[in-house]
Amino acid sequence: MGIIGNLAGKFSVIRPSLLLSNQYKTVMSRRLHANRTVGVDKNVWVEFTQLAADYKAVNLGQGFPDFSPPQFVQDAFCKAVSGGPSMHQYTRAFGHPRLVKSLAKFFSRIVGHEIDPLEDILVTVGAYQALFCAFQALIDDGDEVIIVEPFFDCYQPMVLMAGGNAVYVPLRPKEGSAVLSSRDWVLSPEELSSKITPRTKAIVINTPNNPLGKVYQMEELQMIADLCLKHDLLCFSDEVYEWLTYDGAKHVKIASLPGMWERTITVGSAGKTFSATGWKVGWAISSGHIIKHMKIVHQNSVYHCATAAQEAVASGFEREYELFGTPESYFQQLPVMLHHKRQKLASCLQRVGLQPVMPEGGYFMITDISSIKVDLNDESTKDESYDFRFVKWLIKEKGLATIPVSAFFSPEHSKEFDKYIRFCFVKEDSTLDAAEDILRKWSQKK
Amino acid sequence: MQGLVEEGDEVIIIEPFFDCYVPMVRMAGAKPVLIPLRPKPGKKTVTSADWYLDPEELSGKFNSKTKAIIINTPNNPIGKVFTRDELQMIADLCIKHDTLCFSDEVYEWLVYKGHQHVKIATLPDMWDRTITISSAGKTFSVTGWKLGWSIGPEHLIKHLQTVMQNTLYTCPTPLQEAVAQGLLLNSELMGQPECYFTSLAEELEGKRDRLASILQEVGMTPVVPEGGYFMLVDVTSLNQDLSHMVDDEAYDYKFVKWMIKEKKLAAIPVTAFVGEESKKHFEKYIRLCFIKKASTLEAAGNILKNWRNI
């Protein structure tokens with residue numbers, strides 16, 4: 001039944017017995033919910049995580065590791081929890097001092113700019129909240145925000161909630177190529193440029209990209225930077241997978257390009273950095289004149305983040321600073337480990353006749369499923385797009401959980417991309433083996 | 001606030017209020033409507049029970065635009081624990097005007113002898129229109145864990161969930177696990193001396209009484225709280241001359257700044273918790289927090305005893 005169910009039973013004093021005899025009453029004659037919640041109530045993660053759990057599926061869906069974070073960072077959290085009274089009480093609202101100092105020290109040398117720990121950094125409850133603060137602080141009614149598709153799904157509702165309008169520019173597979181790698185998906189400079197209007201406030205990029213795995217090259221970022229400078233735009237750069245690049249691909253921070261520090265908000269994640277998504281520690285790094293507005297949103301919503309978790313992440317970054325570039329660095333070891341898993345998943349998909357798009361970075365691999373013919377005879381899903389229906393079928397009939405890729409596209413373009421599903425390969429080898437088993441048995445039956 | 005309140009709405013806030021309510025109402029685009037708790041005149045020993053809401057005054061604040069009323073019991077900073085009758089009075093107005101109730105009950109376990117915390121959500125017809133807010137930080141003395149929760153009917157909570165999935169999405173896993181264990185353990189022990197909710201309240205009651213008597217000894221008038229871990233003190237009797245401080249600030253702001261510098265004792269000015277119009281009624285009060293080690297309270301006591309020296 002679980003702890004929550006157990007507790008709900010014990011705390012039932014809050015529910016008066018009168019209610020049991022009450023039929024449901026219309027509580028308010030006017031609308032209850034605020035307008036800003038309209039149109040943002042559906043959530044692909046809530047939906048598919050529930051389904052995967054219900055069917056006890058082998059879960060290559062949601063992007064979190066099913067293995068543990070490295071020992072040194074688990075030890076750091078335990079140490080923090082035993083670290084005396086101050087570790088359990090409020091810390092500095094905009095970021096625990098030890099953490100902002102370690103982040104500033106670590107990233108200054110990468111970005112090529114002296115980052116002020118107190119002015120240029122905001123620590124948040126996950127990178128998710130950093131994005132929320134950025135949209136709320138900087139986007140207003142009527143502003144346009146360019147989102148490069150496929151996009152991590154939360155950008156769209158966040159733009160909407162801030163009163164903005166999302167304008168989409170898709171990455172497209174290069175003409176005539178076999179589209180075997182995420183590098184084959186490119187932005188058209190003309191198409192991007194054509195979407196900029198006097199109302200455009202910001203452009204959102206994600207590199208390495210979720211779900212494609214594309215790692216934007218220097219030239220591509222320079223092209224985007226040139227447009228930001230020309231049209232005086234902000235750039236929200238979601239870099240949560242910054243350490244996860246493969247085959248020699250190099251992650252480049254757009255904030256390090258000339259003229260970009262003053263107009264870029266770089267978002268990072270301890271969850272993805274240290275394989276500890278459940279710690280929910282993230283940050284935004286930008287010029288102080290931008291961070292100050294995000295601080296206002298933060299202090300009127302969340303105000304502080306958990307102290308002990310921040311202390312542990314600080315300890316992690318201090319260690320990585322010393323070991324940077326050496327084989328003992330987790331930022332070296334993790335991509336090596338994931339490189340092997342990426343290979344493993346790709347091979348097993350190819351063996352069953354599927355065509356994966358090899359990601360240059362990140363946690364995910366997308367696969368074209370148009371070659372598979374199945375009878376999706378589920379009445380309950382008949383109005384949904386093909387990939388949504390396919391993924392639900394795959395969970396229910398084969399016990400394998402993935403995520404439909406059209407969830408990462410705008411309504412305008414999702415039809416073009418409804419033949420792809422997304423796999424997460426940041427899983428124990430046993431999980432990947434279990435997935436391989438399912439796929440092999442399935443292809444043998446055909 | 002983000003899920004249920006928007007432009008065109010009014011939200012009633014009782015003064016003094018935890019300071020975040022007003023900016024949160026504003027950020028939701030709505031209008032805060034303030035109503036002060038008022039002290040009953042002529043009492044010698046003052047307790048938080050002497051502060052009350054005038055029913056006619058409150059009733060006058062409700063109109064067709066009133067979306068919600070925020071209550072905080074036990075109250076920060078006064079420490080008032082609203083009685084069942086007072087809550088019923090508020091509930092009657094909520095039902096009459098079809099208003100929601102946001103009930104901030106973070107100090108729910110810190111209620112002292114002779115008083116009882118009542119959940120407004122348990123009053124007839126209130127479950128369907130109340131969101132009750134609690135805090136692991138205040139419950140288990142772990143403010144740095146930053147875990148809290150809202151409990152309410154599904155038709156209200158679903159809108160909070162929509163906001164949640166578009167802002168934070170999830171809260172830290174290991175901390176939730178630990179709080180769950182804490183709640184499970186203490187719900188088994190409820191009512192017994194080993195229960196943390198009982199033992200913490202007992203410990204704090206002792207500290208409350210110690211601080212109150214120190215303040216009375218030096219001729220100040222504390223407002224002895226029925227709940228929570230704050231105490232208001234009227235500093236009028238100290239007659240502190242602050243005319244050298246020329247900033248255009250309320251008396252309590254000046255007093256607290258002066259006290260921190262000159263006496264090395266930190267407190268919070270109470271006008272931080274009220275709107276412009278009520279400032280004059282509260283500017284002789286400062287707020288002291290007594291959930292501190294005995295040595296900290298003794299150190300404060302020494303400063304206060306030696307006030308007249310130097």
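As the structure is a computational prediction, the values presented were derived from the model and not from experiment. (Residues numbered from 1 in each chain as written. Chains lettered and ligands numbered in written order. Predicted model: local features only at pLDDT ≥ 70, side-chain atom pairs only at ≥ 80, totals over all residues. Heavy atoms only, no water.)

So, on to helix α8 (residues 251-263) of chain B. Residue and element names in this part refer to chain B. For α8, built from 13 residues, the straight-helix expectation of 18 Å at 1.5 Å per residue is met to within 8% by its first-to-last C-alpha distance of 17 Å. Listed as buried for α8 are Tyr251, Asp252, Lys254, Phe255, Val256, Trp258, Met259 and Lys263. Structurally, α8 contributes buried residues whose contacts are with β11 (268-269), α9 (279-282), β12 (285-289) and α10 (294-305). Just downstream of α8, Lys264 is the residue with a positive phi angle, here 55°. (Helix = DSSP H or I, 4+ residues; strand = E, 2+ residues; numbered from the N terminus. Expected span 1.5 Å × (residues − 1). Buried < 20%, exposed > 50% of the residue type's maximum accessible area, 1.4 Å probe, protein only. Contact = heavy atoms within 4.5 Å.)

Quick look at the environment of Tyr386 of chain A now. Residues and elements named next belong to chain A. For Tyr386, the location among the structural elements is in helix α13 (residues 386-398). C-alpha separation for the pair Tyr386 and His113, spaced 273 residues apart in sequence, amounts to 47 Å. Non-local contacts of Tyr386, meaning those with residues more than four positions away in its chain, are made with Ile369, Ile372, Val374, Leu376, Asp418 and Lys419.

Contact with chain A, which involves 55 residues of that partner, is made by 60 residues of chain B. Between chain A and chain B lies a buried interface of about 4,900 Å² when both sides are counted; carbon and sulfur atoms form 60% of it. Between the two partners, chain A and chain B, sit 0 salt bridges. Counting across the interface, chain A meets chain B through 23 residue pairs in polar contact (both at pLDDT 80 or more). Elements that contribute at least two residues to the side of chain A that touches chain B include exactly α1 (2-10), α2 (44-54), α5 (126-138) and α6 (155-161) of chain A. The greatest single-element share of the side of chain A that touches chain B, amounting to 4 residues, is contributed by α1 of chain A. (Buried area = accessible area lost by both parts, 1.4 Å probe. Salt bridge = Lys/Arg side-chain N within 4 Å of Asp/Glu carboxyl O. Polar contact = N/O pair within 3.5 Å; in protein donor to acceptor, adjacent residues only side chain to side chain.)

Moving on: the domain arrangement of chain B. All names here are of chain B. Split by domain assignment, chain B resolves into domain 1 (10-189) and domain 2 (200-306). The distance between the C-alpha centroids of domain 1 and domain 2 comes to 24 Å. The interface is formed by 33 residues belonging to domain 1 together with 28 residues belonging to domain 2. Carbon and sulfur atoms supply 61% of the area buried between domain 1 and domain 2, which totals about 2,500 Å² over both sides. Interface area lost by domain 1 to domain 2 is led by Pro77, Leu110 and Tyr112, which between them contribute 27%. Run the count over domain 1 and domain 2 and you get 1 salt bridge. Its salt-bridge partner being Glu205, residue Lys113 comes within 3.9 Å of it at the nearest N-O pair. Applying the counting criterion to the domain 1 and domain 2 interface returns 16 residue pairs in polar contact (both at pLDDT 80 or more). Mapped by element, the contributors of at least two residues to the side of domain 1 that touches domain 2 are β2 (31-36) and α4 (136-139). Along the lines of polarity and charge, the residues of the side of domain 1 that touches domain 2 split into 18 nonpolar, 9 polar and 6 charged. (Domains from an automatic or database assignment. Nonpolar A, V, L, I, M, F, W, Y, C, P; charged D, E, K, R; others polar.)

Let us look at the domain arrangement of chain A. Residues and elements named next belong to chain A. Assigned domains within chain A: domain 1 (44-68 + 329-445) and domain 2 (71-323). Here domain 1 and domain 2 have C-alpha centroids that lie 25 Å from each other. Every contact between the two is made by 37 residues of domain 1 and, on the other side, 43 residues of domain 2. For the pairing of domain 1 and domain 2, the buried interface totals around 3,400 Å² over both sides, and the portion due to carbon and sulfur atoms is 60%. Counting the surface domain 1 buries against domain 2, the share from its top three residues, Phe331, Glu360 and Phe408, is 25%.

Evaluation of the coordinates by the stated rule reveals 50 aromatic pairs over all chains. Plain terms: the ring middles of Phe409 of chain A and Phe417 of chain A are 3.9 Å apart, the flat faces sit at 10° to each other, and that makes the pair stacked. Across the pair, Phe417 of chain A and Phe409 of chain A agree in class, each one buried. One aromatic cluster in this structure is built from Phe72, Phe106, Phe107, Trp243, Phe274, Trp283, Phe317, Phe324, Tyr330 and Phe331 of chain A. Positioned above the aromatic ring of Phe72 of chain A, the side-chain terminus of Arg319 of chain A is 3.9 Å from the ring centre. Its end group placed over the ring of Phe82 of chain B, Lys80 of chain B keeps NZ or CZ at 5.3 Å from the ring centre. (Phe/Tyr/Trp six-rings, centres within 6.5 Å; stacked < 30°, edge-to-face > 60°. Lys NZ or Arg CZ within 6 Å of the ring centre and 35° of its normal.)

Our focus in this paragraph is the sheet that holds β12 of chain B. Residues and elements named next belong to chain B. If you trace the 4 strands from one edge of the open sheet to the other, you get β9-β10-β12-β11, paired in antiparallel fashion. For this open sheet the edge positions go to β9 (221-223) and β11, each flanked by a neighbour on one side alone. As defined by bridge partners, β11 adjoins β12 across 2 bridges and the pair is classed as antiparallel. Bridging across to β12, Pro269 finds its partner in Ile286. Across the face of the sheet, helix α7 (residues 196-217) comes into contact with β9, β10 (230-234) and β12 while running at roughly 10° to β10. (Pairing = 2+ DSSP bridges. Axes fitted to C-alpha atoms, helices over the stretch in contact; angles between N-to-C directions.)

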